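# Structure at a glance
Listed below, chain by chain, are the residues.
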Amino acid sequence: MSTEIKVPVLGESISEATLGAWLKKPGEAVAADEPIASLETDKVAVEVAAPAAGVMGPLLVAEGATV
């Protein structure tokens, strides 16, 4: 079963971010709450944590894309 990764709320005035980098590759093991991606805005840079343990699936969003 797959788990959807959602962009966290980054602040009241921030509605989008850029996917800076994937920190895990497809097929790699992932622990719950482990950072798997980094997001960047003009005001903040944050890491997105895995909501559950498992194996990283296909990367559906390219690095540099707006999310």
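Model, not experiment: these values are computed from the prediction.

### A word on the layout of surface pockets
Roughly 670 Å³ of internal volume is contained in the largest pocket. Residue lining of the largest pocket: 27 residues in total, with T3, E4, I5, I36 and M56 positioned closest to the centre. For the lining of the largest pocket, the elements supplying multiple residues, two or more each, are strand 1 (18-22), strand 3 (35-40) and strand 5 (54-55). By residue number, the principal contributor to the lining of the largest pocket is strand 3, which donates three residues. Broken down by class, the residue content of the lining of the largest pocket amounts to 21 nonpolar, four polar and two charged.

### Re unusual backbone geometry
Its identity is not glycine, yet D33 carries a phi of approximately 70°, on the positive side. With respect to the helices and strands, D33 occurs in the loop between strand 2 (29-30) and strand 3.

### Considerations on the pattern of salt bridges
Taken as a whole, this structure holds one salt bridge when the rule is applied. A salt bridge links K24 to E34, with the shortest nitrogen-to-oxygen separation between them at 3.0 Å. Within this pair, whereas K24 is found in the loop between strand 1 and strand 2, its partner E34 is found in the loop between strand 2 and strand 3, the two being separated by 10 residues in sequence. Taking relative accessible area as the criterion, E34 reaches 24% and is therefore assigned partly exposed.

The rules we used
Residues numbered from 1 in each chain as written. Predicted model: local features only at pLDDT ≥ 70, side-chain atom pairs only at ≥ 80, totals over all residues. Heavy atoms only, no water. 1 Å grid on protein atoms, 1.4 Å probe; cavity = no way out; pocket = protein on both sides within 12 Å on 5 of 7 lines; lining within 4 Å. Points joined across faces, edges and corners; volume = space filled by probe spheres on them. Helix = DSSP H or I, 4+ residues; strand = E, 2+ residues; numbered from the N terminus. Nonpolar A, V, L, I, M, F, W, Y, C, P; charged D, E, K, R; others polar. Salt bridge = Lys/Arg side-chain N within 4 Å of Asp/Glu carboxyl O. Buried < 20%, exposed > 50% of the residue type's maximum accessible area, 1.4 Å probe, protein only.

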